[in-house]
Amino acid sequence: MANEKQYPMTKEGKEKLEQELEYLKTVKRKEVVERIKIARGFGDLSENSEYDAAKDEQAFVESRIQMLENMIRNAVIIEEDKENPDVVSLGKSVTFIELPDGEEETYTIVGSAEADPFEGKISNDSPIAKSLLGRRIGDEVTVQTPGGEMLVKIVAVK
C-alpha cells in the first residue's frame, strides 16, 4: 500500500471529515445496531424488509467509515501560498468572468475529498480548476467543459 492515493484538503476540510467519522463511529453505528436488533424481533429474517434495510444501512455506514479513515490517513494539508498571492492554487478562491459578457463566478479550489459545488468548492480534478490552476489575475483562460469550451478572465484570487 505504499502508493495509496493522497487527498489534498484544507485543514478545515480534514476537521470536517474527522467530525463525520466520529459521528459515524459513536452515534450512527450504534443506531444501526439497535435497528438490526429490533428488526430481528420481527421474526423470519428471510422476508423481513426492516432487517434487510438495517443491514444495508450498516454496510453503507461501515463502508463510509473505511473511506473516511483512508482519506484522513492519506490527507495532505494544503498550505497557503503567501509568496504568490495572485496565482490560482489549491485552497484559494478564484473569481472569473465568462467572456465576452458573462457574470462573475467565484469558486474555491479544494481537493476532491471536500469538493461541494453547492458551497462553491470545486475539486482540483474538475475541468474548470485544471484550467485555472497556476494562472494569474488578468489571465484569459480557455476552459474545457462538458458543454464545450468557454473563455474566462480571472479577476481576483484570494
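Residues numbered from 1 in each chain as written. Predicted model: local features only at pLDDT ≥ 70, side-chain atom pairs only at ≥ 80, totals over all residues. Heavy atoms only, no water.

Peer 1: Please explain the pairing of strand β6 (residues 140-145) as it appears in this structure.
Peer 2: With six bridges joining them, β6 and strand β7 (residues 148-157) adopt antiparallel strand pairing. Each residue of the ladder has a partner; that of Q144, found in β7, is E149. Between β6 and β7, which pair antiparallel one after the other, the connecting turn spans two residues. (Pairing = 2+ DSSP bridges. Helix = DSSP H or I, 4+ residues; strand = E, 2+ residues; numbered from the N terminus.)

Peer 1: How should I be thinking about helix α2 (residues 49-73) in this particular structure?
Peer 2: In an α-helix there are 3.6 residues to a turn, and that puts residues three or four apart on one side. Compared with the 36 Å implied by 1.5 Å per residue over 25 residues, the 36 Å span of α2 between its first and last C-alpha is a close match. Considered for burial, the residues of α2 that qualify are Y51, A54, E57, V61, I65, L68, N70, M71 and I72. Where α2 begins, one side-chain oxygen reaches toward the backbone nitrogen of E50, 3.1 Å away; that side chain belongs to N48. (Expected span 1.5 Å × (residues − 1). Buried < 20%, exposed > 50% of the residue type's maximum accessible area, 1.4 Å probe, protein only. Polar contact = N/O pair within 3.5 Å; in protein donor to acceptor, adjacent residues only side chain to side chain.)

Peer 1: Would you mind going over the pattern of salt bridges with me for this structure?
Peer 2: Side chains that differ in sign of charge can pair as their charged atoms come close. In this structure the tally under the stated criterion is nine salt bridges. Here K28 ties to E31 by a salt bridge, and the two come within 3.7 Å at their closest N and O atoms. Of the two residues, K28 and E31 both sit in helix α1 (residues 11-40), three residues apart, roughly one turn of that helix. Residue E119 is joined to K121 by a salt bridge in which the shortest nitrogen-to-oxygen separation is 4.0 Å. (Salt bridge = Lys/Arg side-chain N within 4 Å of Asp/Glu carboxyl O.)

Peer 1: Quick question: what am I supposed to make of the sheet that holds strand β3 (residues 93-98) here?
Peer 2: Two pairing modes exist for strands in a sheet, parallel and antiparallel, and in both the strands are linked by backbone hydrogen bonds. Spatially, the five strands line up as an open sheet ordered β5-β4-β3-β7-β6, and their pairing is mixed. The open sheet terminates on both sides in strands that have one partner only, identified here as β5 (121-123) and β6. On average, each strand axis in the sheet is tilted by 45° relative to the strand beside it, whichever way the strands run. (Axes fitted to C-alpha atoms, helices over the stretch in contact; angles between N-to-C directions.)

Peer 1: Even after reading the chapter, I still don't get α1, so can you show me in this structure?
Peer 2: The terminal C-alpha atoms of α1 lie 42 Å apart, and with 30 residues this matches the ideal 44 Å at 1.5 Å per residue to within 8%. Where α1 bends most, the angle comes to about 40°, and this point is L24. For α1, the full list of buried residues reads G13, L17, L21, L24, V32, I36 and A39. Summarising the contacts, the buried residues of α1 are in contact with β1 (7-9) and α2. (Bend = angle between axes of the 7 residues up to and from the residue. Contact = heavy atoms within 4.5 Å.)

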